[in-house]
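# Structure at a glance
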Amino acid sequence: MAADLMEIDDSLYSRQRYVLGDGAMQQMAQSSVFLSGMGALGVEIAKNITLAGVKTVTLHDTKLCETWDLGCNFFIRRDDVLNQRKRVEAVCPRVGELNPYVHVDMSSCPLDDNIDLSFLKKYQCVILTESSLSLQKRINQFCHSQQPPIRFISSDAYGICVRIFCDFGEAFEVSDPTGEELKEIFIQSITQDNSGVVTCIDNQPHGLQTGQSVIFREINGMVELNGTTRQVSVISSHSFEIGDTSHFQPYEHGGFFVMVKTPQIYKFETLEQQLCDPQVLIPDLSKPEAPLHIHAAMLALDAFQEKHGRLPNIGCLEDAEALLKLTEEVSVTHKNKFPVNAELVRCMSKTARGTLPPLAAAAGGIASQEVLKAITGKFGPLQQWVGCGAIGCEMLKNFALLGVGLAKSLGEVCITDPDLIEKSNLNRQFLFRPHHIQTPKSTTAAEATREINPELQIDAHLNKVCPATESIYSDSFYSSLNVVVTALDNVEARRYVDSRCLCNQRPLLDSGTMGTKGHTEIIVPYLTESYNSHRDPPEEEIPFCTLKSFPSVIEHTIQWARDKFESAFFHKPSMYNSFWQTHVSAEAVLQRMQVGESMEGAFQVVKLLSRRPSHWEQCVIIARLKFEKYFKRKALQLLHSFPLDTRLKDGSLFWQSPKRPPTPTEFDVKDPLHFTFIVSAARLFAEIYNIPFSEKDLSEDAVSKILSDVKIPEYRPLEKSIVTDETAKKPDQMKMPLSSEEEREAIAQLEEAISTDGVTPESLRMNPLQFEKDNDSNGHIDFVTSASSLRARMYSIEPADRLKTKRIAGKIIPAIATATAAVSGLVALELVKVVGGYGFESFKNCFFNLAIPVVVLSETAPVKRTVIRNNLSFTIWDCWTIFGHEDFTLSDFMNAVREKYTIEPTMVVHGVKMLYVPVMPGHSKRLKLTMQKLIKPSVDRRYVDLTVSFAPETDGDEDLPGPPVRYYFNKSMAMDNT
């Protein structure tokens, strides 16, 4: 399949599709890009845009491979240097391997002031790196003058500083400036007034800004608003004005609004114009003048190169002063609009010939995202400059280029990841290739990283980092590390690693991305707070009654369908297998049931056994009965229990927003959605019961023939209670009491199964199905999408397409290579500071959103100190220590704490176990017991961390807090640990 067919390989691009959308993906697949300069910055951009999936990339460079390229270009090898290959010749085939849908070619023709630029007309975007300012201005002017304009980006990285410039023409249209997903917000009220006020239900924040527009739907009473678009004027976070509503009918109830995204036009100036009056992005709000400092220094560096034909020499004081003088001249020429930072200029001069790979990675990620904006019109572009100075596969690449963990220096990088490589990983994890699919991520990444730097010592593990692997990643393991770097998407895993780093006083560099957004957090012992010092807001749970009976948005129906999959095809089969592994004889189970013995799960298991199908046709029938239950009888029962005119105690209608009354669905085999549900459900039932089926069995004719003979029992409404309380939790079916009738039924079913030879080793086994979102041939997403869409229809909710359903049901985190590269570069920069022993003020946390774009650097949170009393305080990083021995008693421990820290201990707790609380009966006797006997440590346990409370200085006050007290069972163990 060629990229220009505009078909999207979801198995490769699925995570990126959720970031960009199909429209942007198709535009990329038709776009050609010219990229000049194969240094550290250029190769980063080449990697990112090739992974993204443009049609054609032309890589241009005229230089030969040199030794120092090995330290900044991850696609150049030692052999390339020895054989004097051109950089572009070495890089081009390796970039081409990243994406089979992208055509990568190369050029090494000189690009100078005399070249005819008409060859650029075939490209939609031109990117220049390592180009002179005069050439940048000439090419930018040419691109700006074309109709339509060729989008132009230039970027430079010199030592500690980088700059990026964008010019997309005088009228660049952006279809979606933010990329944020539109949400339906339900309405509480609308006033009938000259300026009608809309209030959101339950004071839900609307997230709107004055001047934006919304469209209204499903309003009762003020129906004139339905389907209309109104511009808003924000009053508060949950209310806004929409203009005159005084002539409309009064608002009654219900309805929702959705923000309308309107295209925006952005005007760009040329590089020549912007040099004098730059629009700059300010990454560090504490240093708003920094971008102009860098701009002035970079302009001076351009002048230095034009004057001397070279960059300043490394560490040369004379060149540094010359550059400073040029910078001061630049400032004067521009009427002192550009302030001069002498320290920055001198540092840039001394380092300009060098390259800092993490800085190139961060800048390359930002620049690459601007390339994608240029050719798709998706997301707000950079206007027009960003300048700054100083995850996973990207991390390893940065470590390799920096020389982290070199064997000759007794260094090592230890990595762990339990996952195997999937095709979707290839879109952003550039160390992997198609032949690596289904191999371990960690070992494959290690092998690929050694190609970048053969001297790297790397130890690859396949373990999950969690309490279950604590014997592998013990305290002694953490104590052996200089720094811990994580890129985890699980909050609990992050909290666990943070607690281990805190316990062992080790720095932690944490990072993560979601789509175009990224963050880094730097945690340094005794200087900063820890990850656990702040709490993320809890994940919002959908109430049980909403999922079961009252969905109002598509997320509810998707979660319901996902739950149905888990229940029918995983949990029930797993429970079934577990039961029969415990109770190996059906006859013994029957005897115990007959004498009234309660066995957890017996009723559900017998029910599954008695209804177990043995042929494909029976699986189709089960699927048809499920359709009837889910999409017709459920609606009929709800409307029986709550007729449309039902009112609450306050007189308001029961069925009002956000509750939607269901409409029963009549089965129609000709409806593609109905048919998809039947086929996908039937094949999943066949798989859990190990029933074979063929492709012919799945055909419309074969399935329709079976369905034509299915008899649907007559529906009779039940008089049962339906949960409406949003605080109610889902009941545990396994633990619910059985009625005597249900018990008799289960006994009769098991008796019949035994008497008719229905109990065989095969019938006592099922095949649980783990939900797998990335295999389109297994029918899992087919089932969830069709079930969710049918339920959405039943409740008059706009259905979601397969792609959106897959993202929500599979809890897929959108991802794109540009953000991954940027966040990894930022983390690696902080790594340099940590291992270099830099001070607190140098560390920076970062949040960015490349879509808007915004980059915010902020100071890390300083560690808080808790004062116990004068001259005695502690932080989260502190841990008091007591050394014991085999006969050391609790009383000895208390005395040791008192003597060492001059404070009276009052209570001692180990985990959740209270070792000593004076008011507890019998606890005073424990003072004579040894610590070994009280704690009962495992054989290899060296110490325990105890929570100790201390007596207040004044009677009546609360006990004083203190840090953990680490008790070593003997002093030699403490020495071993260090």
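Everything that follows concerns the structure shown earlier in this document.
Read on for a plain summary of the structure. (Residues numbered from 1 in each chain as written. Predicted model: local features only at pLDDT ≥ 70, side-chain atom pairs only at ≥ 80, totals over all residues. Heavy atoms only, no water.)

Assignment of secondary structure puts Leu644 in the loop between α20 (616-641) and α21 (672-688). Taking the C-alpha atoms as reference, Leu644 lies 77 Å from Ser409; in sequence the two are 235 residues apart. (Helix = DSSP H or I, 4+ residues; strand = E, 2+ residues; numbered from the N terminus.)

Here the focus is the nonpolar core. If you look at the biggest cluster of nonpolar residues, it comprises 79 residues, and the most contacted ones within it are Leu20, Leu59, Ile164 and Phe848. By residue number, the principal contributor to this core is helix α11 (residues 357-376), which donates nine residues. Not counting residues up to four positions away in its chain, the partners in contact with Ile164 are Ile153, Ser154, Ser155, Ala363, Ile366, Ala367, Leu382, Gln384, Trp385 and Val386. Residues Met593, Phe654, Val679 and Ile688 belong to the second largest nonpolar core, which totals 75 residues. (Core = buried A, V, L, I, M, F, W, Y, C linked by side-chain atoms within 4.5 Å. Buried < 20%, exposed > 50% of the residue type's maximum accessible area, 1.4 Å probe, protein only. Contact = heavy atoms within 4.5 Å.)

A word on the sheet that holds strand β28 (residues 905-910). Pairing is mixed in the open sheet, where five strands are placed in the order β27-β31-β30-β28-β29. Strands at the two margins of the open sheet, each flanked by one partner only, are β27 (880-883) and β29 (913-916). For this sheet, the mean angle separating the axes of adjacent strands, direction not counted, is 35°. Here β28 pairs with β29 via three bridges, running antiparallel. For His910, the partnering residue across the bridge sits in β29 and is Lys913. (Pairing = 2+ DSSP bridges. Axes fitted to C-alpha atoms, helices over the stretch in contact; angles between N-to-C directions.)

To continue, consider the packing of helix α19 (residues 602-610) against helix α23 (residues 740-755). Their axes nearest at 9 Å, the elements α19 and α23 cross at an angle of 45°. Between α19 and α23, the angle is such that the two are oblique. α19 and α23 meet at a crossing whose hand is left-handed. Along the contact surface, α19 presents Phe603, Val606, Lys607, Leu609 and Ser610, while α23 presents Glu742, Ala746, Gln749, Leu750 and Ala753. In terms of residue class, the contact of α19 with α23 is built from six nonpolar, two polar and two charged. (Parallel < 35°, antiparallel > 145°, perpendicular 65-115°, else oblique. Left-handed = near helix turned anticlockwise from the far one by under 90°. Nonpolar A, V, L, I, M, F, W, Y, C, P; charged D, E, K, R; others polar.)

A cluster of basic side chains, namely Lys548, Lys572, Lys607, Arg611, Lys629, Lys720 and Lys730, defines a positive patch on the protein surface. Relative to the helices and strands, Lys730 is located in the loop between α22 (700-707) and α23. Note on Lys730: relative accessible area 60%, which makes it exposed. (Patch = residues over 30% accessible without salt bridge, like charges linked within 9 Å, V, L, I, M, F, W, Y side chains within 5 Å. Areas by Shrake-Rupley, 256 points an atom, 1.4 Å probe, with all protein chains shown as cover. Salt bridge = Lys/Arg side-chain N within 4 Å of Asp/Glu carboxyl O. Lys, Arg positive; Asp, Glu negative; His and termini not counted. Charge placed at Lys NZ, Arg CZ, Asp CG, Glu CD.)

What follows is about a nonpolar patch on the surface. A cluster of nonpolar side chains, namely Met914, Val919 and Met920, defines an oily patch on the protein surface of about 290 Å² accessible area. You can see Val919 is positioned in the loop between β29 and α28 (931-935).

A word on empty space enclosed by the protein. In this structure, the second largest cavity occupies an estimated 50 Å³ of space. Arg163, Val280, Pro291, Ile294, His295, Trp385, Val386 and Gly387 together form the lining of the second largest cavity. Mapped by element, the contributors of at least two residues to the lining of the second largest cavity are α8 (290-308) and β17 (385-389). Tallied by class, the residues present in the lining of the second largest cavity amount to five nonpolar, two polar and one charged. (1 Å grid on protein atoms, 1.4 Å probe; cavity = no way out; pocket = protein on both sides within 12 Å on 5 of 7 lines; lining within 4 Å. Points joined across faces, edges and corners; volume = space filled by probe spheres on them.)

Turning next to helix α1 (residues 10-20). Counting buried positions along α1 yields ten of eleven residues, so the element is predominantly enclosed. Listing the buried residues of α1 in full gives Asp10, Leu12, Tyr13, Ser14, Arg15, Gln16, Arg17, Tyr18, Val19 and Leu20. The inward-facing, buried residues of α1 contact α2 (22-28), α3 (40-52), α11 and α25 (802-809). Gly21 occupies a position one or two residues after α1 and carries a positive phi of about 85°.

Turning next to the side chain of Asp10. Here Asp10 shows up in helix α1. For Asp10, a relative accessible area of 13% gives the class buried.

Relative orientation of the contacting elements α3 and helix α26 (residues 817-835) amounts to 145°, with a least axis distance of 9 Å. On the side of α3, the interface is formed by Glu44, Lys47, Asn48 and Leu51, while α26 contributes Ala817, Thr818 and Ala821. Per-class residue counts for the contact of α3 with α26 are three nonpolar, two polar and two charged.

It is worth spelling out the side chain of Glu370 at this point. Here Glu370 lies in helix α11. Polar side-chain contacts of Glu370 include one of 2.7 Å to the side chain of Lys373. At 2.8 Å, the side chain of Glu370 forms a polar contact with the backbone nitrogen of Leu382. Excluding residues within four positions of it along the chain, Glu370 makes contact with Ile153, Cys166, Phe168, Pro381, Leu382, Leu850 and Pro853. (Polar contact = N/O pair within 3.5 Å; in protein donor to acceptor, adjacent residues only side chain to side chain.)

Now for the sheet that holds strand β24 (residues 854-859). Sheet architecture is open: five strands sit in the order β20-β21-β22-β23-β24, paired in mixed fashion. Each of the sheet's edge strands pairs with one partner strand only, and the pair in question is β20 (484-486) and β24. Sheet twist, expressed as the mean angle between neighbouring strand axes with direction ignored, is 10°. As paired strands, strand β23 (residues 844-849) and β24 are joined by six bridges and run antiparallel to one another. Of the residues in β24, the one forming a bridge with Phe847 is Val856.

Moving on: a negative patch on the surface. There is a patch of like negative charges on the surface, built from Asp419, Glu422, Asp489 and Glu772. As for its placement among the helices and strands, Asp489 is situated in the loop between β20 and α15 (491-503).

On to the pairing of β28, then. The pairing of β28 with strand β30 (residues 943-950) spans four bridges and is antiparallel. Its bridge partner lying in β30, Met907 is registered against Ser949. Taking the residues that link successive antiparallel strands as the turn, the β28-β29 hairpin has two residues, and the phi of Gly911 there is positive, at about 65°.

So, about the pairing of strand β22 (residues 517-523). Here β22 lies mainly inside the structure; five of its seven residues are buried. Pairing between strand β21 (residues 508-514) and β22: seven bridges, direction antiparallel. From the neighbouring strand, Leu509 faces β22, where its bridge partner is Ile522. Between β21 and the antiparallel strand that follows it, β22, lie two residues; Gly515 among them carries a positive phi value of about 65°. Here β22 runs beside β23; their pairing, made up of four bridges, is antiparallel.

Scanning all chains against the criterion turns up 46 aromatic pairs. Taking 4.1 Å as the distance between ring centres and 10° as the angle between the ring planes, the aromatic pair formed by Trp880 and Tyr901 counts as stacked. With Trp880 in strand β27 and Tyr901 in helix α27 (residues 890-901), this residue pair connects regions lying 21 residues apart in the sequence. Owing to a relative accessible area of 8%, Trp880 belongs among the buried residues under this scheme. By the ring-pair criterion, three or more aromatic residues cluster together here, those being Trp560, Phe565, Phe569, Phe627, Tyr630, Phe631, Phe667, Phe677, Phe685, Phe771 and Phe783. Its guanidinium or amino end placed over the ring of Phe654, Lys659 lies 5.2 Å from that ring's centre, counting from NZ or CZ. (Phe/Tyr/Trp six-rings, centres within 6.5 Å; stacked < 30°, edge-to-face > 60°. Lys NZ or Arg CZ within 6 Å of the ring centre and 35° of its normal.)

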